[in-house]
Amino acid sequence: MDVPLEMLAAVSEAVGRAEDAVEEAAWTTARAALDDVDRQLEELREAYRALGPRERGTLGAIAGPLRARRDTVAGRVPKPRAVSDGAPVHDPEQDDDEGEAPPV
């Protein structure tokens, strides 16, 4: 079996998309690209098991820097946060029925 160069190229392309998205502060796009990278790296791990020692060395030499680029980009993407600046809204359907005791 040969080194899966198409898979490596797909990982490189996805890392590039993530890098471009980070430069544009497009965090959702960057996270989606990083998800693609993670999925593709997992597929490479599966392919790695079927390779011989020489092919494994080649794959590792190429995939290592790609993983490092992925980790650098992931470190620049802010974690998603929930926004909770709004005031609570009264919902009449949530009112307790008269005569029912409040839950304990």
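Just above, that's the structure.
The structure presented is a predicted model; accordingly, all values stated were derived computationally and were not measured.

Asks: Before we move on, can you summarise the environment of R67 with the specific residues and values?
Replies: Here R67 lies in helix α3 (residues 53-76). Between the alpha carbons of R67 and V37 there is a distance of 8.8 Å; along the sequence they are 30 residues apart. Those residues in contact with R67 that lie beyond four places of it in its chain are L41 and R45.

Asks: Account for the nonpolar core, naming residues and giving values.
Replies: Across soluble globular proteins, nonpolar side chains show a tendency to be buried alongside one another. In terms of nonpolar packing, the biggest core is built from 12 residues, these being V3, L8, V11, A14, V15, V37, L41, L44, L51, L59, A63 and L66. Taken together, the elements giving at least two residues each to this core come down to α1 (5-23), α2 (27-49) and α3. Residues A33, L34, V73 and A74 belong to the second largest nonpolar core, which totals nine residues.

Asks: Before we move on, can you summarise unusual backbone geometry with the specific residues and values?
Replies: The backbone of A25 sits at a positive phi, close to 60°, despite the residue not being glycine. In this structure, A25 sits in the loop between α1 and α2.

Asks: So what's going on with the pattern of salt bridges? Which residues, and what values?
Replies: Two side chains that carry opposite charge are able to pair once their charged atoms sit near each other. One pass over the full model with this rule turns up 11 salt bridges. The shortest N-O distance in the salt bridge between E19 and R69 comes to 2.9 Å. Remark: R69 occurs in helix α3 and E19 occurs in helix α1; sequence separation between them is 50 residues. On the basis of relative accessibility, which here comes to 26%, the residue E19 falls in the partly exposed class. When salt bridges that share partners are traced, they join E13, R17, D36, R39 and E43 into one network.

Asks: Tell me about α1, residues and numbers included.
Replies: With 19 residues, α1 ought to run about 27 Å at 1.5 Å a step, and its terminal C-alpha atoms sit 27 Å apart, in line with that. Taken residue by residue, α1 has L8, V11, A14, V15, G16, A18, A21 and V22 as its buried positions. Buried-residue contacts for α1 involve α2 and α3. Phi for A25, located one or two positions after α1, is positive at around 60°.

Asks: Please provide a residue-by-residue account of the layout of surface pockets, values included.
Replies: Computed from the structure, the largest pocket encloses a volume of approximately 160 Å³. Together, L41, L44, R45, Y48, L59, G60, A63, G64 and R67 line the largest pocket. Elements supplying a minimum of two residues to the lining of the largest pocket: α2 and α3. Counting residues per element, the lining of the largest pocket draws most heavily on α3, which supplies five residues. A breakdown of the residues in the lining of the largest pocket according to their chemical character gives five nonpolar, two polar and two charged.

Asks: Would you mind going over the side chain of R70 in detail, with residue names and values included?
Replies: Summarising the element assignment, R70 is placed in helix α3. For R70, a relative accessible area of 14% corresponds to the buried category. Separated by 2.7 Å, the side chains of R70 and D38 make a polar contact. With residues up to four places along the chain from it excluded, the contact list for R70 reads V15, L34, V37 and D38.

The rules we used
- Residues numbered from 1 in each chain as written.
- Predicted model: local features only at pLDDT ≥ 70, side-chain atom pairs only at ≥ 80, totals over all residues.
- Heavy atoms only, no water.
- Helix = DSSP H or I, 4+ residues; strand = E, 2+ residues; numbered from the N terminus.
- Contact = heavy atoms within 4.5 Å.
- Core = buried A, V, L, I, M, F, W, Y, C linked by side-chain atoms within 4.5 Å.
- Buried < 20%, exposed > 50% of the residue type's maximum accessible area, 1.4 Å probe, protein only.
- Salt bridge = Lys/Arg side-chain N within 4 Å of Asp/Glu carboxyl O.
- Expected span 1.5 Å × (residues − 1).
- 1 Å grid on protein atoms, 1.4 Å probe; cavity = no way out; pocket = protein on both sides within 12 Å on 5 of 7 lines; lining within 4 Å.
- Points joined across faces, edges and corners; volume = space filled by probe spheres on them.
- Nonpolar A, V, L, I, M, F, W, Y, C, P; charged D, E, K, R; others polar.
- Polar contact = N/O pair within 3.5 Å; in protein donor to acceptor, adjacent residues only side chain to side chain.

Nothing here speaks to function; it is all geometry.
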